Amino acid sequence: MTDSNALDSRPDRNDPHDPGLSETMTERESYLRAGHTLRSWLLTTDHKRIAILYLITVTVFFFIGGAAAVLMRADLVTPQGDLLSNEGYNRAFTLHGVIMVWFFLIPSIPTTFGNFLIPLMIGARDLAFPRLNLLSWYIYMLGGLFTIYVLIAGGVDTGWTFYTPLSSMFANGHVVLVAVAVFIVGFSSIFTGLNFIVTVHKLRAPGMTWGRLRLFIWSHYATSLILVLATPVLSMTLVLMAAERLFGIGVFDPKLGGDPILFQHLFWFYSHPAVYIMVLPAIGVASELVAAAAHKPIFGYWFVAGSSIAIAIISFLVWGHHMFVAGQSMYASAVFSFLSLAVAVPSGIKIYNWTATLYKGHIALDPPFFFAASFIGLFVVGGLTGLVVAMMAVDVHVHDTYFVIAHFHYIMVGGTVSAYFGALHFWWPKMVGRTYFLVWGRLTAIFIFLGFNLTFFPQYILGYLGMPRRYHVYDPAFQVLNVLSSAGASILAIAYVLPFAYLIYSMRYGDPAGPNPWGVTGLEWTVPSPPPKENFAEIPVVTTGPYDYPMELESRDG
Amino acid sequence: MSATRTLVLAWSALMCLLFATVGASFVLTGPWSIVTSLAIALAKAALIFWFFMHLREEAGLVRLVAIGAGAWLLILILLSMTDYATRPALGGMTN
């Protein structure tokens, strides 16, 4: 209400070229202004508005999960664990894991940027099932509310992995309620995945062949396959765990004829592919940002696209590497070790192709490129240390230590969160129609990169020296590295909050972005910023491939 | 009329397979009993997919999706068996 009053009082509201305070004509006709009531947002079926709903909610969960991390890092500054009780520490890392995995990382890029961009990139007016899309958000919220309730009611201390027999027989707290929350949010994932798959198959604009799809679409397609194929297994596993905890049904308890490692098989059959649910969309974002920064066609398009599908398939064949020391047979461990190493091939293809794309490019040193470069570097470090832990003998040494924590944070935080912020900085002008201060974007990317490395690199050393994960009272010899890590975390925390200020500021005071502020190719850049409700006045006919940049450099350089 | 006839025939086939399951459990013992039961169960599932879930009327892509679901279940079972089938012989936790 205040906004519309303020707008009415502005003298220049009919001048479309007036930057700053006034609303542009494009904004007035955009999806953002297609209905001003809360109801028009909460009952919307517009994929762009649902993306904004998701953007707000995943950000809230990111900061709740982040708050738990802050508590843990503060507690770990001293070896005695002065801040939290033992129980409190267990609850903090469980909550951090549950919220970050299921309520931030998994939905983050697909439900915000995927939702917003997939129809725009393939030339459609919406996703195939707009109401299912809205339902997925409500289901996500329902799962989220369960989690918030558990948080208020006292938490849970099993770790995000819910391993039996700890979760089924010994853990106190609201194990079943958190399992219910994750069970519920799983349906949200399945609906999103299903929607994306059908949309990509059925709603491509005329001429938008599979070979003309953007790599962002390919990676979201691959992600959706995993979402649909893997998530039901997690749901069933959690039901079995809850059934054993509540009714004593013998599935995982050896006394009742069960096998505790069976839980780990079933859990990781979902949760390892889930790592790729988190990172594949980030890979898609990186492909877009790299091509946009270099103003060049992506090198080896089909290899990058195919490697996304290959990663999706291979991701289902590697789960046993989580169980090298859990009592799994040596033969199974050898098989899973070999298959795990195989994931490096499609991942390596991507890295080399991004590098080759940047080679001789007109690289624009804009914030999105900073985030993309950060993503590539951190993903390489995380990926290579993934090979280290995939080796059976080395894994015996580093299993359940901070080495593993550092490894997967390099992939998930260094990789996915960097890409998430990269996507936010790249498509923000498209989403809100305003540009932000680029220098602040660059600074944020640098702070995130530095803060991240200071936080997590010492953890590789800590882990290699033998500090186990999930302990808050530790040998004083590890204190220096822990203090460094906590110092890094504080830089990281500030860097994550920074964009809030300048991005929100830009919504009101930024210059109008125009349809294509970065001067890049792609259907989403042909429509106004922010896009109108129906996306395209006329459904476009696609006649060229993706990343259709002129190849002037090659001809000039011979 | 012919659609009903098809469904009744499919149902009759399922009933026959049910009797086969029960019969096999009396006649066979040991690993063959499990193999036979699983084979019959597979045949039953195929009938349900093909007739009751209308896969025979669908295009190739939808059939591929259904086969994909089965293939992924097979991945789960087969790779888990690399552990369970070899655990007693090659080391690992046994009950």
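Residues numbered from 1 in each chain as written. Chains lettered and ligands numbered in written order. Predicted model: local features only at pLDDT ≥ 70, side-chain atom pairs only at ≥ 80, totals over all residues. Heavy atoms only, no water.

**What about the interface of chain B and chain A?**
Here comes step 1: Each partner contributes residues to the interface: chain B has 18 residues there, and chain A has 25 residues.
Here comes step 2: Taken together, the two surfaces of chain B and chain A that pack against each other cover about 1700 Å², and 72% of this comes from carbon and sulfur.
Here comes step 3: It is Trp72(B), Leu76(B) and Leu79(B) in chain B that bury the most area against chain A; as a group they hold 35% of the surface buried on that side.
Here comes step 4: The partner of Asp259(A) in a salt bridge is Arg87(B), and the shortest N-O contact between them spans 3.2 Å.
Here comes step 5: For the interface between chain B and chain A, the tally reads 7 residue pairs in polar contact (both at pLDDT 80 or more).
Here comes step 6: Those elements giving two or more residues to the side of chain B that touches chain A turn out to be α3 (60–84) and α4 (87–90) of chain B.
Here comes step 7: Broken down by element, the residue count for the side of chain B that touches chain A peaks at 11 residues, all from α3(B).
Here comes step 8: Class assignment of the residues belonging to the side of chain B that touches chain A gives a composition of 9 nonpolar, 7 polar and 2 charged. (Contact = heavy atoms within 4.5 Å. Buried area = accessible area lost by both parts, 1.4 Å probe. Salt bridge = Lys/Arg side-chain N within 4 Å of Asp/Glu carboxyl O. Polar contact = N/O pair within 3.5 Å; in protein donor to acceptor, adjacent residues only side chain to side chain. Helix = DSSP H or I, 4+ residues; strand = E, 2+ residues; numbered from the N terminus. Nonpolar A, V, L, I, M, F, W, Y, C, P; charged D, E, K, R; others polar.)

**Overview of the pattern of salt bridges**
Here comes step 1: This structure, assessed with the given rule, holds 9 salt bridges over all chains.
Here comes step 2: Between Arg214(A) and Glu288(A) there is a salt bridge, and its shortest N-O distance comes to 2.9 Å. Taken together, the positions of Arg214(A) in the loop between α8 (175–202) and α9 (215–247) and Glu288(A) in helix α10 (residues 260–294) put the pair 74 residues apart, joining distant regions of the chain. In this structure, Arg214(A) and Glu288(A) share a single accessibility class: buried.
Here comes step 3: Across the pair Asp83(B) and Arg87(B) runs a salt bridge, and its minimum N-O distance is 2.8 Å.
Here comes step 4: By relative accessible area, which is 0% here, Asp83(B) ends up buried. (Buried < 20%, exposed > 50% of the residue type's maximum accessible area, 1.4 Å probe, protein only.)

**Overview of the nonpolar core**
All names here are of chain A.
Here comes step 1: Ranked by internal contacts, the top residues of the largest apolar core, which has 162 residues, are Trp 102, Phe 113, Phe 162 and Trp 427.
Here comes step 2: Looking at this core, the element that brings in the most residues is α10, giving 24 residues.
Here comes step 3: Listed in part, the 13 residues of the second largest apolar core include Met 72, Leu 84, Phe 93 and Ile 405. (Core = buried A, V, L, I, M, F, W, Y, C linked by side-chain atoms within 4.5 Å.)

**Thoughts on the side chain of Ser287(A)**
Residues and elements named next belong to chain A.
Here comes step 1: As for its position among the elements, Ser 287 is in helix α10.
Here comes step 2: Accessibility expressed as a relative area gives 1% for Ser 287, which makes it buried.
Here comes step 3: Of the polar contacts made by the side chain of Ser 287, one reaches the side chain of Trp 354; its length is 3.0 Å.
Here comes step 4: Once residues within four sequence positions are removed from consideration, Ser 287 is found in contact with Leu 215, Ile 298, Val 304 and Trp 354.

**Some remarks on the environment of Pro88(B)**
All names here are of chain B.
Here comes step 1: Considering the arrangement of structural elements, one finds Pro 88 in helix α4.
Here comes step 2: Overall, Pro 88 belongs to the exposed group, its relative accessible area being 62%.
Here comes step 3: Sequence spacing of Pro 88 and Phe 49 is 39 residues, and the spatial spacing of their C-alpha atoms is 37 Å.

**Focus on helix α4 (residues 47–75) of chain A**
Count 3.6 residues to each turn of an α-helix, and residues three or four apart come out pointing the same way.
Here comes step 1: Taking 1.5 Å per residue, 29 residues should reach 42 Å; α4(A) reaches 41 Å between its end C-alpha atoms and fits that length.
Here comes step 2: Capping the start of α4(A) is the job of one residue whose side-chain oxygen sits 2.9 Å from the backbone nitrogen of Lys48(A): Asp46(A). (Expected span 1.5 Å × (residues − 1).)

**So, the domain arrangement of chain B**
Residues and elements named next belong to chain B.
Here comes step 1: Domain annotation of chain B identifies domain 1 (1–57) and domain 2 (59–89).
Here comes step 2: Placing the centre of domain 1 and that of domain 2 at their C-alpha centroids yields a distance of 20 Å.
Here comes step 3: Taking both partners together, domain 1 and domain 2 bury about 310 Å²; carbon and sulfur atoms supply 61% of that area.
Here comes step 4: One can count 0 salt bridges joining domain 1 with domain 2.
Here comes step 5: At the boundary of domain 1 with domain 2, the tally comes to 2 residue pairs in polar contact (both at pLDDT 80 or more).
Here comes step 6: Of the residues contributing to the side of domain 1 that touches domain 2, the split by class is 2 nonpolar, no polar and 2 charged. (Domains from an automatic or database assignment.)

**Description of the packing of α4(A) against helix α18 (residues 479–509) of chain A**
Residue and element names in this part refer to chain A.
Here comes step 1: Axis separation between α4 and α18 bottoms out at 10 Å; the angle between their running directions is 160 degrees. With respect to α18, the axis of α4 lies roughly antiparallel. As for how α4 packs across α18, the hand of that crossing is left-handed. Contacts between α4 and α18 involve Thr 59, Phe 62, Phe 63 and Arg 73 from the former and Asn 482, Ser 485, Ser 486, Ala 489, Tyr 496, Val 497 and Phe 500 from the latter. (Axes fitted to C-alpha atoms, helices over the stretch in contact; angles between N-to-C directions. Parallel < 35°, antiparallel > 145°, perpendicular 65-115°, else oblique. Left-handed = near helix turned anticlockwise from the far one by under 90°.)

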